[in-house]
Amino acid sequence: MSEILLAHDPPASMAAALETSLQKLQSHYEKDPKAAHALMQMGEKKRDVSIPEPELAAWTMVASEILNLDETINK
């Protein structure tokens, strides 16, 4: 995902931070499936039902984190 959004592989420190964030978010959404479901109701496109909602919600938030980096906004 970072290759598409940033046009390069993330540095090791950024990759580690994103991995940690993904793990924490997935844990959060597994403990609070209502929050994952609410997030997955956003947008116009239907979600891929083969991906569990907590996992998809966590990836959605990690994508949002990458999209909000100065590096992404100013490239």
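Residues numbered from 1 in each chain as written. Predicted model: local features only at pLDDT ≥ 70, side-chain atom pairs only at ≥ 80, totals over all residues. Heavy atoms only, no water.

J.: For the environment of E65, give the residues involved together with the corresponding values.
T.: The residue E65 is located in helix α4 (residues 53–67) in this model. Along the primary structure E65 and P54 are separated by 11 residues, whereas in three dimensions their C-alpha atoms are 17 Å apart. Not counting residues within four places of it along the chain, the set of residues in contact with E65 comprises L18, S21 and L25. (Helix = DSSP H or I, 4+ residues; strand = E, 2+ residues; numbered from the N terminus. Contact = heavy atoms within 4.5 Å.)

J.: If you had to explain the side chain of E53 to someone new, which residues and values would you point to?
T.: Along the polypeptide, E53 turns up in helix α4. Relative accessible area serves as the criterion here: at 16%, E53 is assigned to the buried category. Among residues more than four places away in sequence, those in contact with E53 are A36, H37, M40, Q41 and R47. (Buried < 20%, exposed > 50% of the residue type's maximum accessible area, 1.4 Å probe, protein only.)

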